[in-house]
Amino acid sequence: MVGNYDENLLSDMLPVYYTRLFPQNIFCRWLACGNSPQPLSNRELSFTLADDVYIRYLSISNQKEFQALLQKKCPHKLDIGAVYNNKPSISRHDAVVLARELVFDIDLTDYDEVRTCCQEAKVCDKCWKFMVIACEIIHTSLKDDFGFQNILWVFSGRRGIHCWVSDYEARTLDSPGRGAIADYLCLIIGGDNQNKKVHLGVDNLHSSIRRSIGIIDKYFDEVMLDQEFIGTPERLQKFLKMIPDETFRDIVEKNLAKLSESSLERWKSFVNIYDTYLRENGNAIRKIKYLLEEIKIQYCYPRLDVNVTKGFNHLLKSPFSIHPKTGKVSVVFKPNNARNMKLDEIPTIYTLLDDSSPDNVQHQNNMRSAVKNFQEVVFSLEKAEAMRRRNDANTTLEF
């Protein structure tokens, strides 16, 4: 448990963790596939050591080198960068990026304006549901809209999730291509001062937006109950500011203020008022045709850090890293199992290495499952890479 976890013990525990539990072999195989057709040594790794000493442009040629580097440096944090045209340590100034997984970083702090159960670094099972929705929407879009197959989902170790797309087409995308995918997946736009951040217009909704709303609808009542989005006078005022039609806004305010402070009850009443208002005021459709969908998206849709996706320079935390503040392992999880994940069941370095801990057996099992999840993605990637190389060879011969 995090309560027993002492960050000062990390330097003693990490060498044991890296030797006994970190899946070095499958990790190197994953990196090697992601490097193809470049050698593994052209990939940048970066370590954060004790006392926040930060080393960039490290590289390895094989698992043996990786193991030696882990034991020598004992990183408190391990990050992964891009693949260059040369060893990153040799030519860092004129190095050219040749490949990089397409990555997405979703952090619960970006939900602070809507989540009410926690703020900043705190996270609980209630706000984890935002991550469940984000994972389902992004995973479905990557597979159905872009045809990507090799998608790895990783818990960040504290309050978010990371997604790594390893398909060859994804790894070799240029920056504008990555930007286009990030923009396609972004529906929430605007800073803290903007009340309404989603504008769907009046045309027919794109099928991907309809699909995303269908996913949100599966969780919406539950999240509304958990977060009480409109359960206090202040939150109700924020909600009302999302309504662009003043006449309708006044009607909603009068009606909802009279109800109990249950957000779910208020929401259901709001939906009824909305339906009646649109029936009786056909001209209002220009302003509020998709208002219900826009509000659901503003509350629940994924909030991406698009700069992480667009650029090549951003390093991202490695799967199976230990988060220094929580001691939790950055476990790999299956997207269809995100809903069943419980934060206190995510293995910590402390419970994994302490046989007397009451959570030891469960955490050991969950760690094994996470490694198995990782293996499945890597085996699938290796198969896809072998097929791609075979097809490339055939094409060359035919030419």
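As annotated in an unreviewed UniProt entry, the protein is DNA primase from Parnassius apollo. Under the Sequence similarities (unreviewed entry) heading, UniProt states for the protein: "Belongs to the eukaryotic-type primase small subunit family."

Chemist: What exactly am I supposed to notice about the sheet that holds strand β5 (residues 102–107) here?
Modeler: The strand order across the open sheet formed by four strands is β5-β7-β6-β9, and the pairing between neighbours is antiparallel. The strands lining the two open edges of the sheet, one partner per strand, are β5 and β9 (332–333). Sheet topology note: the β5/strand β7 (residues 160–165) ladder contains six bridges and is antiparallel. What sits directly across from Phe-104, in β7, is Cys-163.

Chemist: Quick question: what am I supposed to make of the environment of Glu-385 here?
Modeler: Looking at the element boundaries, Glu-385 is found in helix α15 (residues 360–398). Classification of Glu-385 as buried rests on a relative accessible area of 2%. Measuring from C-alpha to C-alpha, the distance between Glu-385 and Ser-36 comes to 8.1 Å, with 349 residues separating the pair along the chain. In this structure, Glu-385 is in contact with Cys-33, Ser-36, Tyr-168 and Arg-171, ignoring residues within four places of it in sequence.

Chemist: It is not clear to me how the nonpolar core should be interpreted in this structure. Could you clarify?
Modeler: Within soluble globular proteins, side chains that are nonpolar generally end up buried alongside one another. In terms of nonpolar packing, the biggest core is built from 120 residues, with Tyr-17 and Phe-270 touching the most fellow members. If you tally residues by element for this core, the top one is helix α4 (residues 125–144), at eleven residues. If we ignore the near neighbours within four places in the chain, the residues touching Phe-270 are Phe-239, Ile-243, Phe-248, Val-252, Leu-256, Leu-291, Leu-292 and Ile-295.

Cut-off values and rules
Residues numbered from 1 in each chain as written. Predicted model: local features only at pLDDT ≥ 70, side-chain atom pairs only at ≥ 80, totals over all residues. Heavy atoms only, no water. UniProt positions renumbered as here; feature names shortened; annotations may be inferred. Pairing = 2+ DSSP bridges. Helix = DSSP H or I, 4+ residues; strand = E, 2+ residues; numbered from the N terminus. Buried < 20%, exposed > 50% of the residue type's maximum accessible area, 1.4 Å probe, protein only. Contact = heavy atoms within 4.5 Å. Core = buried A, V, L, I, M, F, W, Y, C linked by side-chain atoms within 4.5 Å.

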